[in-house]
Amino acid sequence: MIPLLLAARELGRALVAVWRDPETKALPVVAGALVLTGTLFYWRFEDWTIIEALYFCVVTLTTVGYGDLHPTTAGTQIFTIVYILTGFGVLVALLTSVAQQYLIQKAEGGGARARLKGRRRRHRPTEDGPQ
């Protein structure tokens, strides 16, 4: 459980680094706006609940596509085509930036494991010290 929490923390730090980088700062905003726009569109025009619409947007943009929900009218099908073509590119760019920041942090040794090991070494009693 602890390794999972440490990995989640490091991914969170990578996302913050993407947010702080002027070149990639807009990616989380654009990705969030795409998911919000798609959710509201499908909620309004497909008569799905907000949760169903959000679920469909995430499943569609991540290319999982379970097939349990699908657009039923020509208008929503056309919107879905445009939504996939634009949204997938934005999502890939965001995930690529987060992965790059994560790898940079790992290469710099700024990971949580490295810090914990450093703390453990500093606090270990030496063999020559008092007992």
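Quick caveat: nothing in here was measured; it's all calculated off a predicted structure.

Rules behind the numbers
- Residues numbered from 1 in each chain as written.
- Predicted model: local features only at pLDDT ≥ 70, side-chain atom pairs only at ≥ 80, totals over all residues.
- Heavy atoms only, no water.
- Helix = DSSP H or I, 4+ residues; strand = E, 2+ residues; numbered from the N terminus.
- Expected span 1.5 Å × (residues − 1).
- Contact = heavy atoms within 4.5 Å.
- Buried < 20%, exposed > 50% of the residue type's maximum accessible area, 1.4 Å probe, protein only.
- Core = buried A, V, L, I, M, F, W, Y, C linked by side-chain atoms within 4.5 Å.
- Phe/Tyr/Trp six-rings, centres within 6.5 Å; stacked < 30°, edge-to-face > 60°.
- Lys NZ or Arg CZ within 6 Å of the ring centre and 35° of its normal.

Caption draft 1: Layout of helix H4 (residues 74–107). Compared with an ideal rise of 1.5 Å per residue, which puts 34 residues at 50 Å, H4 spans 49 Å between its outermost C-alpha atoms and is within 8% of the ideal. On its buried face, H4 sits against helix H1 (2–20), helix H2 (26–45) and helix H3 (50–61). Downstream of H4 by one or two residues, Gly109 has phi in the positive range, about 75°.

Caption draft 2: Fine view of the environment of Gly32. One can find Gly32 in helix H2. Classification of Gly32 by relative accessible area gives partly exposed; the value is 37%. The spatial distance from the C-alpha of Gly32 to the C-alpha of Leu91 is 9.6 Å, given a sequence separation of 59 residues.

Caption draft 3: Spatial organisation of the nonpolar core. Tyr42, Trp48, Phe56, Tyr83, Leu94 and Val98 are the most contacted members of the largest nonpolar core, which totals 18 residues. Counting residues per element, the ones that place at least two in this core are H1, H2, H3 and H4. In this structure Val98 touches Leu11, Ala14, Leu15 and Val18, once residues within four positions along its chain are discounted.

Caption draft 4: Quick peek at the packing of aromatic side chains. A complete count under the given rule lists 10 aromatic pairs for this structure. On the numbers, 5.4 Å between centres and 85° between planes, the contact of Phe41 with Tyr42 is edge-to-face. Look at Tyr42 and Phe79: their rings are 5.6 Å apart centre to centre, the planes differ by 75°, and that puts the pair in the edge-to-face class. Here Phe79 lies in helix H4 and Tyr42 lies in helix H2, a separation of 37 residues in the sequence. What links up through ring pairs into an aromatic cluster is the set Phe41, Tyr42, Phe45, Trp48, Phe56, Phe79 and Tyr83. One residue, Arg44, lies across the ring of Phe45, its end atom 5.1 Å from the ring centre.

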